[in-house]
Amino acid sequence: MSEKQNIEYKQSWHDDHLKWICGFANAQGGKICIGKDDEGNFVGIKGVKKLLETIPLKIQNHLGIICDLNALIDNDQECIEIIVHPYLVPISLRGRYYYRSGSVKTELKGIE
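Residues numbered from 1 in each chain as written. Predicted model: local features only at pLDDT ≥ 70, side-chain atom pairs only at ≥ 80, totals over all residues. Heavy atoms only, no water.

Engineer: Give me the lowdown on unusual backbone geometry, citing residues and values where you can.
Structural biologist: Its identity as a non-glycine residue notwithstanding, Asp76 has a phi of 65°, on the positive side. Tracing the backbone through its elements, the reader meets Asp76 in the loop between β3 (68–74) and β4 (77–84). At Arg94, a residue that is not glycine, the phi angle is positive and equals roughly 55°. Within the secondary structure, Arg94 is located in the loop between β5 (92–93) and β6 (96–101). (Helix = DSSP H or I, 4+ residues; strand = E, 2+ residues; numbered from the N terminus.)

Engineer: Explain the packing of helix α1 (residues 18–26) against helix α2 (residues 48–63) to me, and be specific about the residues and the numbers.
Structural biologist: Axis separation between α1 and α2 bottoms out at 11 Å; the angle between their running directions is 65°. Here the hand of the crossing between α1 and α2 comes out right-handed. Residue-level contacts link Leu18, Ile21 and Cys22 of α1 to Lys58, Ile59, His62 and Leu63 of α2. When its residues are assigned to classes, the contact of α1 with α2 shows 5 nonpolar, 1 polar and 1 charged. (Axes fitted to C-alpha atoms, helices over the stretch in contact; angles between N-to-C directions. Left-handed = near helix turned anticlockwise from the far one by under 90°. Contact = heavy atoms within 4.5 Å. Nonpolar A, V, L, I, M, F, W, Y, C, P; charged D, E, K, R; others polar.)

Engineer: Any details on the sheet that holds β3? Residues and values, ideally.
Structural biologist: In space, the 4 strands of this open sheet follow the order β1-β2-β4-β3, with mixed pairing throughout. What marks the edges here is a single partner per strand, and that holds for β1 (7–10) and β3. Across the sheet, the axes of successive neighbouring strands diverge by a mean angle of 20°, strand direction being ignored. Pairing of strand β2 (residues 30–34) with β4 involves 5 bridges; the strand directions are antiparallel. Looking at the pairing, Ile34 lines up with Ile80 of β4. Along the sheet, α1 contacts β1, β2 and β4; its crossing angle with β2, the most-contacted strand, is approximately 160°. (Pairing = 2+ DSSP bridges.)

Engineer: Outline the state of the cysteines, supporting the account with residue identities and numerical values.
Structural biologist: Tallied over the full model, the rule gives 0 disulfides. The closest cysteine sulfur to the non-disulfide-bonded Cys33 is located on Cys79, 5.3 Å from its own sulfur. Look at Cys33 and you get buried, because its relative accessible area is 5%. Just so you know, Cys67 is unpaired, no disulfide at all, and the nearest cysteine sulfur is the one on Cys22, 10 Å from it. The buried category is assigned to Cys67, whose relative accessible area is 10%. (Disulfide = S-S within 2.5 Å. Buried < 20%, exposed > 50% of the residue type's maximum accessible area, 1.4 Å probe, protein only.)

Engineer: Lay out the pairing of β3 with the relevant residues and their values.
Structural biologist: Where β3 lies against β4, 7 bridges are found, and the strand directions are antiparallel. Residue pairing in the sheet places Ile73 in a bridge with Glu78 of β4.

Engineer: If you had to explain the packing of aromatic side chains to someone new, which residues and values would you point to?
Structural biologist: Overall, the coordinates contain 0 aromatic pairs when judged by the stated rule. The ring of Trp20 is capped by Lys10, whose NZ or CZ atom sits 4.0 Å from the centre of that ring. Geometry around Trp20 places Lys105 over its ring, the cationic atom sitting 4.5 Å from the centre. (Phe/Tyr/Trp six-rings, centres within 6.5 Å; stacked < 30°, edge-to-face > 60°. Lys NZ or Arg CZ within 6 Å of the ring centre and 35° of its normal.)

Structure, rendered in structure tokens:
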């Protein structure tokens, strides 16, 4: 399954992915799978246990929201699924607002 409005795949975790989480929270919600390629195939990641502890804290500290995280396993490959719920109030990351439309993350500027 390829990326779409409510699904984003990333092969590894970077704090820059908080922008995608912010975008999902400001749109219809969605899932980010860390450890999958752009087609949704498992590539796996290392340090899943530690990431399951640090990612929720980063989300809460930088965005002020709570997301659900799950560890998924397929053929001994692990990935993390981050489930982002939609929020009724605007969510910002360091004073910037992002929105998910189609399979694109957009920074909102001006009156947007």
